[in-house]
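In case you want the letters, here they are:
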Amino acid sequence: MINKNHCLTLDEQDPLAPLRQQFALPEGVIYLDGNSLGARPLASLERARQVIEQEWGDGLIRSWNSAGWRDLPLRLGDRLAPLIGAGAGEVVITDTTSINLFKVLSAALQVQAERAPQRRVIVSESSNFPTDLYIVEGLTQLLQRGYSLRLVDSPEQIPAAIDQDTAVVLLTHVNYKTGYMHDMQAVTGLIHEAGALSIWDLAHSAGAVPVALTQSGADYAIGCTYKYLNGGPGSQAFAWVAPTLCDLVTQPLSGWFGHARQFDMATHYEPSSGIARYLCGTQPITSLAMVECGLEIFEQTDMQSLRRKSLALTDLFIQLVEQRCAGHDLKLVTPRDHAKRGSHVSFEHPEGYAVIQALIARGVIGDYREPRIMRFGFTPLYTRFSEVWDAVQILGEILDQKTWAQAQFQVRHSVT
Ligand SMILES: *Cc1c(COP(=O)(O)O)cnc(C)c1O
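Residues numbered from 1 in each chain as written. Predicted model: local features only at pLDDT ≥ 70, side-chain atom pairs only at ≥ 80, totals over all residues. Heavy atoms only, no water.

Colleague: So what exactly am I meant to see when it comes to the environment of L381 here?
Modeller: If you trace the backbone, L381 turns up in the loop between β15 (373-377) and α14 (385-400). The class for L381 is buried, based on a relative accessible area of 4%. Taking the C-alpha atoms as reference points, L381 and A113, separated by 268 residues in sequence, lie 43 Å from one another. With residues up to four places along the chain from it excluded, the contact list for L381 reads L16, L19, R20, F23, N230, I297, F298, T301 and L306. (Helix = DSSP H or I, 4+ residues; strand = E, 2+ residues; numbered from the N terminus. Buried < 20%, exposed > 50% of the residue type's maximum accessible area, 1.4 Å probe, protein only. Contact = heavy atoms within 4.5 Å.)

Colleague: Any chance you could explain the packing of helix α12 (residues 303-324) against α14 here in plain terms?
Modeller: Two elements in contact, α12 and α14, have axes whose closest approach is 9 Å; the angle formed by their N-to-C orientations is 25 degrees. The angle between α12 and α14 places the two elements in the roughly parallel class. Pair α12 / α14 crosses with right-handed handedness. Along the contact surface, α12 presents K309, A312, L313, L316, F317, L320, V321, Q323 and R324, while α14 presents F385, V388, W389, V392, Q393, L395, G396, E397 and D400. (Axes fitted to C-alpha atoms, helices over the stretch in contact; angles between N-to-C directions. Parallel < 35°, antiparallel > 145°, perpendicular 65-115°, else oblique. Left-handed = near helix turned anticlockwise from the far one by under 90°.)

Colleague: Would you explain the site of the ligand in this entry?
Modeller: In the vicinity of the ligand there are 13 residues, among which S98, D132, D201, Y226 and K227 approach most closely. Within the contact set of the ligand, an oxygen atom lies 3.4 Å away from a backbone nitrogen or oxygen of T97. In the environment of the ligand, an oxygen atom lies 2.7 Å from a nitrogen or oxygen atom belonging to the side chain of K227. Relative to its free-state accessible area of 390 Å², the ligand is covered by the protein chains to the extent of 87%. When grouped by side-chain class, the residues that make up the shell around the ligand number four nonpolar, six polar and three charged. (Near = heavy atom within 4 Å. Polar contact = N/O pair within 3.5 Å; in protein donor to acceptor, adjacent residues only side chain to side chain. Areas by Shrake-Rupley, 256 points an atom, 1.4 Å probe, with all protein chains shown as cover. Nonpolar A, V, L, I, M, F, W, Y, C, P; charged D, E, K, R; others polar.)

Colleague: Can you walk me through the packing of aromatic side chains in this structure?
Modeller: Under the defined criterion, the tally for this structure stands at ten aromatic pairs. An angle of 90 degrees between the planes, with centres 5.3 Å apart, marks the rings of W64 and W69 as edge-to-face. Seen in terms of ring centroids, W256 and F257 are 5.4 Å apart; in terms of plane orientation they differ by 85 degrees. Their pairing is edge-to-face. W256 gets classed as partly exposed once you look at its relative accessible area, which sits at 37%. By relative accessible area, F257 is classed as buried at 6%. In this structure an aromatic cluster arises from ring pairing among W64, W69, W256, F257 and F263. Over the ring of F129 we find K227, and its NZ or CZ is 5.3 Å from the ring centre. (Phe/Tyr/Trp six-rings, centres within 6.5 Å; stacked < 30°, edge-to-face > 60°. Lys NZ or Arg CZ within 6 Å of the ring centre and 35° of its normal.)

Colleague: Any chance you could explain a nonpolar patch on the surface here in plain terms?
Modeller: Taken together, the side chains of I52, W56, L60 and I61 define a hydrophobic patch exposed on the protein surface, amounting to about 460 Å² of accessible area. Tracing the chain through its elements places I61 in the loop between α2 (43-58) and α3 (63-66). I61 sits in the exposed class, given a relative accessible area of 65%. (Patch = residues over 30% accessible without salt bridge, like charges linked within 9 Å, V, L, I, M, F, W, Y side chains within 5 Å. Salt bridge = Lys/Arg side-chain N within 4 Å of Asp/Glu carboxyl O.)

Shown next as structure tokens:
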């Protein structure tokens, strides 16, 4: 049996514990939702003040040059690159994950249209994050080239679904609901053997688990900065394209920021070389600048240390829930196998939505995903082992006392 003292000892021995001091976390809250919206780096307030007062206020239009606004998407991309196993000059931070998916999927389909035009199938998972599937729908309708989406219902079905008709395989590396993590290198190998191209969505991977894009032979990747990377609500997303593929085609959102010579004001589009061609238009600089504050904290540690703590946190949570909440109709949907687990843990419960609302009312913030899934994110930069203990005790009380049955916890909010 694990007790609270054991968890407190784990906190004392945790080499990453001091990093928490660099985050603003409210008193009385156990935040297990850093996988949806990361906590605020303390430095962001001063950075925002600097951007607004000095760069915008005093610098005005001059700040595009003097404060380096023009190159911010690429400079931040270089700082993010080591976290996802990419090289310098290969990552850009811009737009949203949905928009970046539109760009890289368009590019991948163009590459295949030239290499193997008979390949018209895009393979993905039915449990993929909805926006990924919606973007596939929208783009393929626009292209009118007879593309179809082939969805599999479980990761085991992926190999059999990839064949001579497959153009692109679009997978989210760590599933947003279940926390299942694909073996990126092995799956990319399968995709390439079949002659297809891979797109990896790293929304729940970047800053959560070690990712080795170059080493895995991946083709395209996209992901968020507002989740584990703590960039702030709606902060821009990233895009990465393997250097061998990047200059083969032009992505279709060919805005002036992606032009080889933006201020020539030429009548025709000519793409920049490299990942800069994935830029489109003017970025919200106040938001983009915040991304730097999250990345600065990651630069004080490394993904291996974070992964070690993440697995210790998720192991502890699973063990404690099974110890404290036994007999309560909870079903673990996250793999126990470390190699297949990201940094969040999900349990199914018939009243999952109401249980999460009752937890939030007690200061334990997790989130709910249809159907019946209660999801808890563990962010090794700031989650404490003793918080895992406290969260599970509160969950146990809510289940024992059926607090979730109260009317106020049954009300559906627009964001769950
Ligand atoms: C969170 C998430 C997104 C979000 O896309 P936005 O365009 O930033 O809203 C996309 N894909 C996955 C897998 C996600 O988990």
